[in-house]
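# Per-entry structural report
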Amino acid sequence: MPSRLPPTGVLLLALLWLSPALASTTADLDVDMNYRLDTLVEQPTSGRPGHSTADHSKFTQLQGPFADGPAVTKACLECHTEAGHQFQQNIHWTWSTVNEKTGQQLGKRHLVNNFCTNARGNEGMCAQCHAGYGWKDDNFDFTDQSKIDCVVCHDRTGTYYKTPTSGGNKACSVMFEGKQPIQWEKVAQSVGLPGRENCGGCHFYGGGGDGVKHGDLDSSLIHPDHALDVHMDEKGLGFACTECHVTTEHVWAGSRYQMDARDLLEGHKPGQARDAASCESCHSTAPHANNSIEGIKLNDHVKRVACQTCHIPEYARGGVATKVDWDWRTAGRLRDGEGYKEKGYTQGNGEHRATYKSIKGSFVYGENLQPEYGWFNGEMLYTTIDTVFDPTQAPIAINQYQGEASDPEARIWPFKPMHTVQPFDKGNNTLVYMHLWGDDADAFWGNYNFERAIARGMSDAGLPYSGEHGFVETVSYWPITHMVAPSEQALECQECHAKDGRLGALPGVYLPGRDSPKWLDLFGLALIAATLLGVLGHALIRLIARNRRAHS
């Protein structure tokens, strides 16, 4: 196994793919990590010019020695005196937010998803993607600035990694055997502006592995070429994530919880004065040349069609597969009394992905996938832990995008749908928290007992549980906005304006080429037939007349 690990957060998702009962050898674990260590560690993205007037390697405060991460943070805050207060307002720290329009309590601390289902109660594992140190349970002190992890975003050595904040069942500790200790002094002295691998250490690996969750975010974007993403192209524009997700006082713009589906604030710096970075902020609301009918019509489309709809024709295009279906019902199968995994999918870059794991169930992957399209006004309505639903109306939308054709703020957007069959409270008709991670008898990733894991998860959260669980199909929707293809690969008109086109199921709008009435089609065919008969008749008359003249 390599002696160095990639940036923080990658470890979280590598771990989530591993069953404690499966982790019998270091070799098995190495093969199961769905990312390329040499790419992430040996070839970090180039540093971005920050016009800094400081060389951190010369700071007395950063010479160390440092015993751990909090010690580095305390040194950082000696100079960056306001950074701690600023960062504590960030959702990367709070994992909590309230949607002001819907009043829903959102964020990883509260929501149920249809991947590993919930972070709450499993912080010992999930909080590896939290920008802090030591979050194990509800006793974590969010007011303690020394617990802020500065280097997770600012490490430029590629050697920083994070470990679970609490123990799991059986052999999980083997994942970190043989690892080189973090050189805290080297990391602290080498900080810089975040690169794609800093953000991607968590965001590329959300949901349990590389590219699993979003579909348009995976490790292929660390060193992408022009064909994969015209903005992040390493030999071209080379954008880092923060180029669009602008940071003001350690608060980032751009959140899937509240988005601007239609941005009229062109001319502003990307990400500022808006809830999410937008195409229009750089390209304006008339990005196409107005010197042709085609350009004029395309600019007219911008009012009701998101730029991403035409310019991201497929997602998961970089050789890394995304998960599209997950069935928890099959979890818990054993061989010789032990959990196991099956790797039944080989993705475009040659890596093998697990299609079954005892700790999670069965998976389906896909690559180069056509998005689903729908009207979206920027609002998502979530099924939260206390939402009562009718299981006969499945699939239950974990998050349902809002909007319709009559909504002036809505545009046609592309989405990745994720389908999962997951546990729910059969008596109360609500979703459930499961206790997955832990070195105890109730953790599902060790006992494979849904009833005990659910009862413990709900009890720890102080929530009612009927004592009877079932399984319900759910779906979540992920807006597609990365992996922007070159303009020559943008959708052609006929790909949507056709009866069997991409927008075949889009409601509420008349689409030429898709929605022409049947009588109009028949009338058009009749005209074509009449024209053809007229031409043939005319040709026949001329032929007859010519023959008569020849014999006269």
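Attention here is on the structure that accompanies the text. If you're wondering where the values come from, they're calculated on a predicted model, not measured in any experiment.

If you trace the backbone, S476 turns up in strand β16 (residues 469–479). One polar contact links S476 to W478, side chain to side chain, over a distance of 3.0 Å. Filtering out sequence-adjacent residues up to four positions away, S476 remains in contact with N114, F115, I398, N399, K416, P417 and M418.

All right, on to the packing of aromatic side chains then. Under the definition given, this model contains 28 aromatic pairs. Judged by centre distance (5.1 Å) and plane angle (80°), the ring pair of W135 and F142 falls under edge-to-face. Both residues of the pair, W135 and F142, count as buried. An aromatic cluster of three or more residues is present, and its members are F115, W326, W328, F363, F444, Y448, F450, F471 and W478. Against the face of F142 rests R109, its NZ or CZ located 4.4 Å from the ring centre.

Its location among the elements puts N377 in the loop between β11 (372–376) and β12 (380–382). Through-space distance from the C-alpha of N377 to that of W413 is 9.2 Å; in sequence the pair is 36 residues apart. Excluding residues that lie within four positions of it along the chain, N377 makes contacts with M259, A261, Q402, G403, D407, E409 and A410. Within the local environment of N377, its side chain forms a polar contact with the side chain of D407, the two groups lying 2.9 Å apart.

Among the secondary structure elements, D216 is positioned in the loop between α10 (196–203) and β3 (247–248). Among buried charged residues, D216 stands out as having no salt bridge; its nearest opposite-charge side chain is K416, 8.4 Å away. A polar side-chain atom of D216 sits 2.8 Å from the main-chain amide nitrogen of T481. Residues contacting D216, with those up to four places away along its chain left out, are L221, P479, I480, T481, H482 and M483.

This brings us to the pairing of strand β13 (residues 396–401). Burial runs high along β13: 5 of the 6 residues are buried. Where β12 lies against β13, 3 bridges are found, and the strand directions are antiparallel. Within the sheet, the bridge partner assigned to M380 lies in β13 and is Y401. Sheet topology places β13 next to β16; 3 bridges connect them, and they run parallel. From the neighbouring strand, N399 faces β16, where its bridge partner is S476.

Here we take up the pattern of salt bridges. Note that side chains of opposite charge can pair when their charged atoms are close. Scanning all chains against the criterion turns up 16 salt bridges. With a shortest N-O distance of 2.8 Å, D327 and R329 are connected by a salt bridge. For R335, the salt bridge identified is with E342, shortest N-O distance 3.1 Å. The exposure class assigned to E342 is partly exposed, which follows from its relative accessible area of 32%.

Rules used in this analysis
Residues numbered from 1 in each chain as written. Predicted model: local features only at pLDDT ≥ 70, side-chain atom pairs only at ≥ 80, totals over all residues. Heavy atoms only, no water. Helix = DSSP H or I, 4+ residues; strand = E, 2+ residues; numbered from the N terminus. Polar contact = N/O pair within 3.5 Å; in protein donor to acceptor, adjacent residues only side chain to side chain. Contact = heavy atoms within 4.5 Å. Phe/Tyr/Trp six-rings, centres within 6.5 Å; stacked < 30°, edge-to-face > 60°. Buried < 20%, exposed > 50% of the residue type's maximum accessible area, 1.4 Å probe, protein only. Lys NZ or Arg CZ within 6 Å of the ring centre and 35° of its normal. Lys, Arg positive; Asp, Glu negative; His and termini not counted. Salt bridge = Lys/Arg side-chain N within 4 Å of Asp/Glu carboxyl O. Pairing = 2+ DSSP bridges.

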